Amino acid sequence: MISDRRLKVLCLHGHPGNSEAMQIFAQYFHAQGIRAIAPDLRGYGNCKATVSFTMLDHIQDLWDLLESDLQSEQQDLLNEHLETEYLILGWSLGGILAMELALRAAEQQNLSQNNFTPIPKKTAPKIAGLILVATAAKPSSSLPKVAWWEYVNLVIAVAWHWIAPKQRGPIEWFGKRSLIKYLIQQHTQGAYDQISHTGAKAYLQTSRYAQQALTQALRLGYDRTGDLAKIQIPCLVIAAEQDRHITAASTLETAKLLPNCEFISYPNTAHLLPWEIGDRLLVDIDSWCDRHLS
């Protein structure tokens, strides 16, 4: 990806998740000469939470992060005519937050244009595009109730992979009879590497407050489909055909409602598709960026 624009990428993880889970994307953009930020959301990873919070707090945290980063960029900027723009890549919950940030940016722009609120030039972050992975503005799940023995088999598969990663037979036997069968479709060593290391760490670092915030939002019936027409920037929406956590159908619904959107659905993948077909994802993302952000 080659761009004459001053781009920066904000990578947002899902639930459970952490900044480490987004390194597959952050490292790729760094290698392309594009700066990337992959923060831990409040209550996840190393960003500890000591009191309860809501989804709105996530949005405000990220908006504050963008404003702070933009201010720092402006102070360091030598070429005044180049304005820092942000590409936001969100996976699962991160994709929902990406859409919320884009909606807030659109609202700020409208207020500025209509002079309802005086906003100094270059104060509000400019979002150049969205890449939304396995997410939806009205998320729908087809995940069945997971049996206790499926959780037990998950622990056995992960532990076995930690101890003897080359013994694929027993690892896959337990993995395909566990919660893992709903998370991936391609039971490769690379996918198990990610699940047993990054995934396990992310799960253990996810606080009860983060779980409560997400549960509350879902119980209230989170739905932003009616607002998607306000997001005029280029969007790439990516779905996994066998995703049971956020169905491909709900992801497609989101893509159809975004005015400037390309949609890709990958067969034989599930919710953790970046850990199944990471290389293919990055090729398609790079191609989209070349067409829309160069």
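Residues numbered from 1 in each chain as written. Predicted model: local features only at pLDDT ≥ 70, side-chain atom pairs only at ≥ 80, totals over all residues. Heavy atoms only, no water.

Novice: Can you help me understand the overall build of the protein chain in this one?
Specialist: The helix and strand tally for the protein chain stands at 11 helices and 6 strands. The principal-axis extent of the C-alpha atoms belonging to the protein chain is close to 60 × 40 × 35 Å. Across the 294 residues in the protein chain, those meeting the buried criterion constitute 49%. Residue pairs at least 24 apart in sequence account for 80% of intrachain contacts in the protein chain once pairs closer than 6 positions are excluded. (Helix = DSSP H or I, 4+ residues; strand = E, 2+ residues; numbered from the N terminus. Buried < 20%, exposed > 50% of the residue type's maximum accessible area, 1.4 Å probe, protein only. Contact = heavy atoms within 4.5 Å.)

Novice: For this particular structure, what's the right way to read the packing of helix 4 (residues 148-163) against helix 7 (residues 189-205)?
Specialist: Between two packed helices, the angle of one axis relative to the other and the distance separating the axes together describe the packing. Contact geometry of helix 4 with helix 7 gives a least axis separation of 9 Å together with a crossing angle of 105 degrees. One element, helix 4, and the other, helix 7, form an angle in the roughly perpendicular class. Where helix 4 abuts helix 7, its residues A157, V158, H161 and W162 lie against Q189, Y192, D193, I195, S196 and H197. (Axes fitted to C-alpha atoms, helices over the stretch in contact; angles between N-to-C directions. Parallel < 35°, antiparallel > 145°, perpendicular 65-115°, else oblique.)

Novice: What is the right way to read the nonpolar core from this model?
Specialist: A general tendency of soluble globular proteins is for nonpolar side chains to be buried together. Counting residues in each nonpolar core, the largest one holds 47 residues, and the members touching the most others are F29, I131, I238, L273 and I285. Membership of the second largest hydrophobic core comes to 39 residues, among which are I37, A98, L101 and C235. (Core = buried A, V, L, I, M, F, W, Y, C linked by side-chain atoms within 4.5 Å.)

Novice: When you look at the pattern of salt bridges in this model, what are you seeing that I'm missing?
Specialist: It is possible for side chains bearing opposite charge to pair when their charged atoms get close. Following the criterion strictly, the structure yields 11 salt bridges and no others. Between K201 and E20 there is a salt bridge whose closest N-O contact spans 3.1 Å. Placement of K201 in helix 7 and of E20 in the loop between strand 1 (6-12) and helix 1 (23-31) is noted, with a sequence separation of 181 residues between them. Judged by relative accessible area, K201 falls into the partly exposed class, the value being 37%. Relative accessible area serves as the criterion here: at 33%, E20 is assigned to the partly exposed category. Two residues, K176 and E172, come together in a salt bridge whose shortest N-O distance is 3.6 Å. Linked through salt bridges whose partners overlap, the residues forming this network are E100, R224, D227 and K230. (Salt bridge = Lys/Arg side-chain N within 4 Å of Asp/Glu carboxyl O.)

Novice: What exactly am I supposed to notice about the packing of aromatic side chains here?
Specialist: The geometry of an aromatic ring pair comes down to the distance between the two centres and the angle between the two planes. Per the counting criterion, the structure on display carries 4 aromatic pairs. Ring plane angle 75 degrees and centroid distance 5.7 Å describe the contact between Y28 and F29, whose orientation is recorded as edge-to-face. A residue is classified by how much of its surface remains accessible, and F29, at 1% relative accessible area, is buried. With a centroid separation of 5.6 Å and 90 degrees between ring planes, the pair formed by W91 and W275 is classed as edge-to-face. Of this pair, W91 sits in strand 3 (residues 84-91) while W275 sits in helix 10 (residues 273-276); the two residues are 184 residues apart in sequence, bridging distant segments of the chain. In terms of burial, W91 and W275 fall into one category: buried. (Phe/Tyr/Trp six-rings, centres within 6.5 Å; stacked < 30°, edge-to-face > 60°.)

Novice: Looking at this structure, how should I read the pairing of strand 6 (residues 261-266)?
Specialist: Within a regular strand, the side chains alternate between the two sheet faces. As paired strands, strand 5 (residues 235-240) and strand 6 are joined by 6 bridges and run parallel to one another. Residue pairing for strand 6: A239 is matched across the bridge by S265. For the handedness criterion, the β-α-β arrangement of strand 5, helix 9 (residues 248-257) and strand 6 is classed as right-handed. (Pairing = 2+ DSSP bridges. Right-handed = clockwise from strand over helix to strand, strands pointing away.)

Novice: Can you walk me through the environment of N46 in this structure?
Specialist: One can find N46 in the loop between strand 2 (35-37) and helix 2 (55-76). Taking the C-alpha atoms as reference points, N46 and C235, 189 residues apart in sequence, are found 30 Å from one another. Among residues more than four places away in sequence, those in contact with N46 are D40 and Q205.

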